[in-house]
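# Overview (structure and organization)
Listed below, chain by chain, are the residues.
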Amino acid sequence: MKSRAMVLEHFNKPLVQREFEIPFLPDGGILVKIFASGVCGSDLHMAKGEDPRTPLPIILGHEAIGEVLDINTEKYDLKGHKLQKGDWIIWNRGIVCNQCFWCKVAKQPYLCPYRKIYGINLSCEHYPYLLGGYSEYMILFKETDILKISTNIDPSTLVIAACSGATAMHAFDVLTEPILSKTVVVQGAGPLGVFCVVAAKSLGASNVIMISGAQQRLDLAIKAGADLVLNRYELTEDERRKRVLDLTNNRGADLVIEATGSSKALLEGLNLLRRGGTYLVTGVAVPQEPIPLDVYHNLVLKNLHLQGVWVSDSRHLVQAVDIVLRNRDIFEKLITHRLNLLQANEALKLVEERQALKVVLTS
Ligand SMILES: [Zn+2]
Ligand SMILES: [Zn+2]
């Protein structure tokens, strides 16, 4: 049996179609037939050589959904269901060591320095090769945290839970206070930002304000529950700030979430927060130019909580899947393009040209 896969062999070159013999399963491994694989902004960074974690050659794709074809171990999912052939599954894209300081003492496994990530830092040069989602089949190691999903859902709808959704839930998880009745600003209406809007409303935020550029994205943010959308191309930064202040009796937002992927967004976001507010920086995923930070006015005088959010943990995957299942109609609308696996290069181009909200490769 063979598996076709799209392989990144060289940075800034198109992915190459390759055929892999499906190898014998590693001890406790699981063979998965991939139904849907999300194309993430990170994939584009990796293809351009901007993500320092990327080994070559690699099968990209860290947001996949599939069916268990073979399993040679007794294994249970994150909710206690015994996994069997024929089950549809989603999984935590990262596998941690469970032995280091971050896994065992700090209880922050997402910071494990030995974290292995499907489609991100595992090369297809090494056994068992099929370790990324841009492939017909994948092999999961026995340590993978898996969640069984219902077979009556469009698998494409759930890919967002594997990466952006889980990261968004991680962001809310680090808050020390509930966001009930609070005003939340989300910067950036990509998949991560839209997920943050849905989650913020689910958690009880009274006002969710989305700041973004393209009108199509802002329209979706409204459908996702945003109470106010501010178009960056129509309003100046001062005008946007005034709108946030007007809505908060001149205090500023309780919480700002950066979901743009650009460090520069912080320069605006810091000015939108009230004194004592919290900033969650979730979108910046690759090294970027430093930005000037006015430590006195923006950080100390405001007693600001400035929080970076790096990837996610298995509990966040469970939470993200739950949010998607309760808001299926919104997340279906998020998917603007469905392409087949062999069109992966076109898919990356759509993401690069920002024509798409979410692109999914399907089998
Ligand atoms: Zn991703
Ligand atoms: Zn560890």
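Keep in mind the model is a prediction, meaning the values are calculated, not measured. One numbering rule holds for all chains: residues counted from 1, following each sequence as written. Lettering of chains starts at A and numbering of ligands starts at 1, both following the order in which they are written. The predicted nature of this model means local features are confined to residues of pLDDT at least 70 and side-chain atom pairs, given and counted, to a pLDDT of 80 or more, with totals for whole chains, interfaces and linings taken over all residues. Heavy atoms throughout the structure, all of them, feed into the side-chain values; hydrogens and water do not.

## Observations regarding the overall build of the chain
Convention followed: Each helix is a run of DSSP H or I of at least 4 residues and each strand a run of E of at least 2, with the numbering of both proceeding from the N terminus. Throughout, the radius of gyration refers to the C-alpha atoms, and the reference size of a globule is 2.2 Å times the residue count to the power 0.38. Working definition: with a 1.4 Å probe on protein chains only, accessible area under 20% of the residue-type maximum means buried, over 50% means exposed, and in between means partly exposed. In this analysis, two residues are considered to be in contact whenever any of their non-hydrogen atoms come within 4.5 Å of each other. Where accessible areas are quoted, they stem from the Shrake-Rupley method and a 1.4 Å probe; at the residue level, only the protein chains shown are allowed to cover. Counting rule applied: Lys, Arg positive; Asp, Glu negative; His and chain ends not counted. One atom stands in for each charge, and that atom is NZ of Lys, CZ of Arg, CG of Asp or CD of Glu.
Check the secondary structure of the chain and you find 11 helices and 18 strands. Taking 363 residues into account, the globule formula puts the C-alpha radius of gyration at 21 Å, and the chain, at 20 Å, falls close to it. C-alpha extents for the chain along the principal axes are approximately 65 × 40 × 40 Å. Out of the 363 residues belonging to the chain, those deemed buried represent 54%. When contacts within the chain are restricted to residue pairs at least 6 apart in sequence, long-range pairs at least 24 apart make up 69% of them. When the accessible surface of the chain is split by element, carbon and sulfur atoms take 49% of a total near 15,800 Å². Within the chain, one finds 40 positive and 39 negative side-chain charges whose respective centroids are separated by 3 Å.

## Considerations on the domain arrangement of the chain
Put simply, the test is: For each domain, the first and last residues come from an automatic or database assignment. Computed with a 1.4 Å rolling probe, the buried area is the accessible surface lost when two parts are put together, summed over both parts. Within this document, salt bridges are pairs made up of a side-chain nitrogen of Lys or Arg and a carboxyl oxygen of Asp or Glu, the two lying within 4 Å of each other.
Domain assignment breaks the chain into domain 1 (2-164 + 312-362) and domain 2 (175-308). For domain 1 versus domain 2, the distance between C-alpha centres works out to 28 Å. In this complex, domain 1 contributes 21 residues to the contact, which on the side of domain 2 involves 16 residues. For the pair domain 1 and domain 2, the two sides together bury roughly 1,600 Å², of which 75% comes from carbon and sulfur. If you look at where domain 1 meets domain 2, you find zero salt bridges.

## Here's the deal with the nonpolar core
Formally: Only buried Ala, Val, Leu, Ile, Met, Phe, Trp, Tyr and Cys residues count toward a nonpolar core, and they belong to the same one when joined by side-chain atoms within 4.5 Å.
Judged by nonpolar contacts, the single largest core of 54 residues is most densely connected at Ile90, Phe172, Val186 and Phe195. Of all the elements, helix α3 (residues 155-173) adds the most residues to this core, at nine residues. Residue contributions to this core reach at least three from each of two domains, namely domain 1 (2-164 + 312-362) and domain 2 (175-308). When near neighbours in sequence (up to four residues on either side) are disregarded, Val186 contacts Gly193, Cys196, Val197, Val208, Ile209, Met210, Ile211, Ile257 and Ala259. One finds Ala5, Val7, Leu350 and Leu361 within the second-largest nonpolar core, a separate group that totals 32 residues.

## A few points about empty space enclosed by the protein
Operational definition: Using protein atoms alone on a 1 Å grid, points that fit a 1.4 Å probe yet trap it form a cavity, whereas open point sets bounded by protein on both sides within 12 Å along at least five of seven lines form a pocket; residues with an atom within 4 Å of a point count as lining. Grid points are joined across faces, edges and corners, and a volume is the space filled by probe spheres set on the points. When residue character is reported, Ala, Val, Leu, Ile, Met, Phe, Trp, Tyr, Cys and Pro are called nonpolar, Asp, Glu, Lys and Arg charged, and the others, Gly included, polar.
The tally for this structure, following the rule as stated, stands at one cavity of 30 Å³ or more. Roughly 30 Å³ of internal volume is contained in the largest cavity. His62, Glu63, Ala64, Trp91, Arg93 and Tyr118 are the residues that line the largest cavity. Among the residues making up the lining of the largest cavity, the classes are represented as three nonpolar, one polar and two charged.

## Let's talk about the coordination of the zinc ion (ligand 1)
For the record, the criterion: Coordinating donors are taken to be N, O and S atoms lying within 2.8 Å of the metal, or within 3.2 Å when the metal is Na, K or Ca; because water is excluded from the atom set, some sites may appear incomplete.
Within the first shell, the zinc ion (ligand 1) binds the protein through Cys40 (SG), His62 (NE2) and Cys163 (SG), at distances of 2.0 to 2.2 Å. Written as a sequence motif, the donor residues of the zinc ion (ligand 1) are C-x21-H-x100-C. Taken together, the residues span a long stretch of sequence, with Cys40 in the loop between β3 (30-39) and α1 (41-47) and His62 in the loop between β4 (58-59) and β5 (64-71) at a distance of 22 residues. Among the residues examined, Cys40 registers a relative accessible area of 9% and is labelled buried. The class for His62 is buried, based on a relative accessible area of 4%.

## Comments concerning the pairing of strand β16 (residues 305-308)
Selection rule: At least two DSSP bridges between two strands are required for those strands to pair. With the strands aimed away from the viewer, a crossover counts as right-handed if its path from the first strand over the helix to the second runs clockwise.
Here four bridges tie strand β15 (residues 273-281) to β16, and the two strands are oriented parallel to one another. Paired with Leu280 across the strands is Gln307, a residue of β16. As for the winding sense of the linkage, the β-α-β connection from β15 through helix α8 (residues 295-300) to β16 is right-handed.

## Some points on the coordination of the zinc ion (ligand 2)
Stated precisely, the cut-off is as follows: Metal sites are grouped by the angles between bound donors: all angles between 85 and 135 degrees with four donors is tetrahedral, opposite donors over 155 degrees apart with the others between 65 and 115 is square planar for four donors and octahedral for six, and any other pattern is irregular.
On the protein side, the zinc ion (ligand 2) has Cys97 (SG), Cys100 (SG), Cys103 (SG) and Cys112 (SG) as donor atoms, found 2.3 to 2.4 Å from it. Coordination geometry of the zinc ion (ligand 2): the four donor atoms subtend angles of 104 to 117° at the metal centre, consistent with an arrangement described as tetrahedral. All donors of the zinc ion (ligand 2) belong to a single chain; written as a sequence motif, their spacing is C-x2-C-x2-C-x8-C. Judged by relative accessible area, which is 8%, Cys103 ranks as buried.

## A closer look at the side chain of Thr248
Formally: As used in this structure description, the phrase polar contact means that two N or O atoms lie within 3.5 Å; if the pair is within protein, one of them must be able to donate a hydrogen and the other to accept it, and residues adjacent in sequence are counted only when both atoms belong to side chains.
Inspection of the secondary structure puts Thr248 in the loop between α6 (237-247) and β14 (253-258). Within the structure, Thr248 has its side chain in polar contact with the backbone nitrogen of Gly252 (distance 2.9 Å).

## Digging into the pattern of salt bridges
Considering all chains together, one arrives at 18 salt bridges under this definition. Put simply, Lys358 and Glu63 hold a salt bridge, and the shortest N to O gap is 2.7 Å. Within this pair, whereas Lys358 is found in strand β18 (residues 358-362), its partner Glu63 is found in the loop between β4 and β5, the two being separated by 295 residues in sequence. For the salt bridge of Lys242 with Asp246, the shortest nitrogen-to-oxygen distance reads 3.1 Å. In this pair, Lys242 and Asp246 both sit in helix α6, four residues apart, roughly one turn of the helix.

## Observations regarding the sheet that holds β14
The cut-off we apply is this: Angles shown run from 0 to 180 degrees and are taken between the N-to-C directions of axes, each axis being a line fitted to C-alpha atoms and, for helices, limited to the stretch in contact.
The strand order across the open sheet built from six strands is β13-β12-β11-β14-β15-β16, with neighbouring strands paired in parallel fashion. The strands lining the two open edges of the sheet, one partner per strand, are β13 (228-231) and β16. Averaged over neighbouring strand pairs, the angle between their axes works out to 15° when direction is ignored. Of the pairings in the sheet, the one linking strand β11 (residues 183-187) to strand β12 (residues 207-212) comprises five bridges and is parallel in character. By the bridge assignment for β12, Gln187 is matched with Ile211.

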